[in-house]
Structures are given as structure tokens and as C-alpha cells.
Amino acid sequence: EKDGHDWFMRKEIFEQPRAVADSLLGRRNAAGRLQLDEVRLSDEELRDIDKVIVIACGTSFYAGMVAKYAIEHWCRIPVEVELASEFRYRDPILTRETLVVAISQSGETADTLQAIRHARTQRSKVLAICNSNGSTIPRESDAVIYTHAGPEIGVASTKGFLTQLVACYLLGLYLAQVKGTRYNDEIAQVVDQLEQMPAHIETVLGQADQVYALAREFVGTPSVLFLGRHAGYPVALEGALKLKELAYIHAEGFAAGELKHGPIALVDDGLPIWCVVPPRGRDQLHEKMVSGIQEVRARGARTICLAEEGDTAIEPYADELIRLPKVPVLLQPLVAAVPLQLFACELATLMGHDVDMPRNLAKSVTVE
Ligand code: BG6
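The shown structure was predicted, so the numbers you read here are calculated from the model rather than taken from an experiment.

Section: the sheet that holds strand 5 (residues 143–146)
Then, in step 1: Strand order in the open sheet formed by five strands is 2-1-3-4-5, and the pairing between neighbours is parallel. The two strands at the open ends of the sheet, each matched to only one other strand, are strand 2 (79–83) and strand 5. The average angle at which neighbouring strand axes cross in this sheet is 20°, direction not considered.
Then, in step 2: Sheet contacts for helix 4 (residues 58–75): strand 1 (51–56), strand 2 and strand 3 (98–104); angle to strand 2, the most-contacted strand, approximately 175°.
Then, in step 3: Against the sheet, helix 8 (residues 159–179) makes contact with strand 3, strand 4 (125–130) and strand 5, and its axis sits at roughly 160° relative to strand 3, the strand it touches most.

Put into C-alpha cells, the structure is as follows:
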């Protein structure tokens, strides 16, 4: 049942190429246009949407953060991302033109469920991104995009997260298609790039042994930091969450640009810092990240960099370097999250923890 793996979690990490491929299956019609069967909202209703609010908890929340970068870029409408447990209690501004996107692997998380119930009382449209057919959240939503990860047994989400990212990208591209904010050719090109992601994820999984060797080196470390920018920022947060959940060690993710405004005070000799380096592009993201990495390294940090193939600028500042396939920045979370999952899984295993059932956690939390 674990396919020869020691944990369900590890099996699920290695299933990700398949899970991502399945989540992309059948999303285009014969004419190459995106079609999302379970989006039971008319084009007219979707065209009227003037704001998106993504609500979720835990790992699903980080998928929502990536959704914000993608949907705002492609659709030019404002996207807020909010923890489900905070959403309902702050009197959010909801109208008929608001699309509330609830992301939940289980479809049963009480905080998320209560949040969508509140949104519906305000007449907002609710779309669920969910991995469990027929669960409560999709049943109470106007529309649903199912991820096709298959059952996720490990309490810490892995393939659930990657397939949520896929669903978020599909939603963003679909909205762009309906609203006409992007040319069809451009949308088709991104879908083509998405279809190459399973092979890219496979390439990253091929480097598992390098990540495991790192985990062996860091057994006993009291603290690990994670830095990212843009779509790499939620990846940093997710990397830190995985380590907290599984290895029970102090871990924090930061937006790299925010370092100098406080967190850099934490940096001390030998502190391991994972750095999600953005692809080189026309923007300044890559250069800014490299200079942030330089700063922490000058203060004694051990930098473990995730950087795309061919990125030589990072080499002088990377104590350890794990290569990622060349992909656009918005899609990079699909490859960058994987080494962080492997690292947390391996480190926790070496520490003798039960990776599938971490202490104090439940797979789905059905109380608020
Ligand atoms: C937590 C789980 O309690 O719920 C996390 O331990 C998960 O792994 C979070 O990300 C949200 O769950 P769901 O099912 O709503 O995505």
C-alpha cells in the first residue's frame, strides 16, 4: 500500500508527477480552449466578478497565496488571501460580484466551511478547490474544481498542495479566458508549460538523494529559515510549515525583501537558510534575491539554494545548491516545493518521528 516506501508521505511525494498530470487531464476542449466542467457559473457571472477572496487553512492557504500572484497577473482583478479562521470575524466586504475561492484538500475543514457559509449569506459566489469528491465544502459551493491527487493519507499535505496549485493556475487562466484579459495563444502557452510540469517534478525527485544527504547533515539543528520572493515566498512558508509539522523544530519562512526589516537579526553562525531563488528574468527579482542571500551569508548563515539550471550568479553564495528545471516564476512553486517536502520528511524520519501522523495534528480539523 505504501509502494515500497517507509511512509505514506514519501509515497505521496513521489506520486506528484502523476497527481499533477491527472489534475490537468481533460481541461481543454477540441479547440484548445480551457473548459472546467465543474465550474457551474455562467460566463456572464464570471465576467462580472470584480474581486476574488481566497480562503483556506494551513498548506492550502499557501496555495492560495500563489493563486493571488497568478490571478492578479492574468486577470487584472484584485485578489485577497485570508486565513479562513480570520475571515468571518472581521466583517469582510462581500458582494454579488465577489468570487470566494475556498481551498481545502479534505473539503471538511470547519474554519473554511464556516467561512463559505458566511460568504453565501452575503450572496457572494463560492468556488471550491477540493480533493475529496462529494465532501461538505464542494457540496455547499456554487462551483468546484476537483484536484485529482487521489487519497492523501499523510497528515502533512504534499500532493494535495501541488494539485491545488494546478487548480489555482487553471482557475486563473480560465477567468482570463472568459474575461478576455489574455490572448488565447498566451493562455494555451501557459497550459502547455503546465503540461510539462510532471516531467520537471520527476527531474527534481531524481535529486532526492542530494536532499537526503543534506537532511543527515542538519539533524540536531535547532532552527531553520526559509527565504523566498514573489511566488517563492509562499513556498518558503510552506517549507517552514512542513518542518514544524514533521520535525518539530523551529522554522520560519520570510519574504526575502523583508529580511533587512527585522529577521536578519536572527542570523547567526551556521544557521541553515533555504533560499528559493526566482528564475532570472527581466524584472529585478533574481538580482534582489541574490543580494539578500549575500547578506545572510556574510553573517554566517549556511545557504541552501534552490536555483534554476544555468543560474551561475548564485554559485558564489550557495553553500549547497539544488538545481530546479527552468520554468516561469509563477509556476516555480510546483518544482521548488518538492525538495522542501523531501527535506522535512527525511529529517523527521532521521529524528525518529512518525511522519504520517505527527503529534497533535489531524488530517482534517472539523472543529473551529
Ligand atoms: C490541517 C492539516 O489541520 O488542515 C494541514 O494538518 C492542512 O495539513 C490544513 O493543510 C487544511 O486542510 P484542508 O483539508 O482544508 O486543506
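Overview of the confidence of the model for the protein chain
Then, in step 1: Averaged over every residue, the pLDDT of the protein chain is 96; residues scoring 70 or more account for 100%.
Then, in step 2: As a predicted assembly, this complex carries a pTM of 0.97 together with an ipTM value of 0.95.

Quick look at the site of the ligand
Then, in step 1: Around the ligand, the structure places 14 residues, and the nearest of them are Ser60, Ser104, Gln105, Ser106 and Thr109.
Then, in step 2: Within the side chain of Ser104, an N or O atom sits 2.6 Å from an oxygen atom of the ligand.
Then, in step 3: Val155 is positioned with one of its backbone polar atoms (N or O) 3.2 Å from an oxygen atom of the ligand.
Then, in step 4: Isolated, the ligand exposes 390 Å² of accessible area, and the fraction of that covered by the protein chains is 91%.
Then, in step 5: By residue number, the principal contributor to the shell around the ligand is helix 4, which donates three residues.

About the thresholds
- Residues numbered from 1 in each chain as written.
- Predicted model: local features only at pLDDT ≥ 70, side-chain atom pairs only at ≥ 80, totals over all residues.
- Heavy atoms only, no water.
- Pairing = 2+ DSSP bridges.
- Helix = DSSP H or I, 4+ residues; strand = E, 2+ residues; numbered from the N terminus.
- Axes fitted to C-alpha atoms, helices over the stretch in contact; angles between N-to-C directions.
- Contact = heavy atoms within 4.5 Å.
- pLDDT = per-residue confidence, 0-100.
- Near = heavy atom within 4 Å.
- Polar contact = N/O pair within 3.5 Å; in protein donor to acceptor, adjacent residues only side chain to side chain.
- Areas by Shrake-Rupley, 256 points an atom, 1.4 Å probe, with all protein chains shown as cover.

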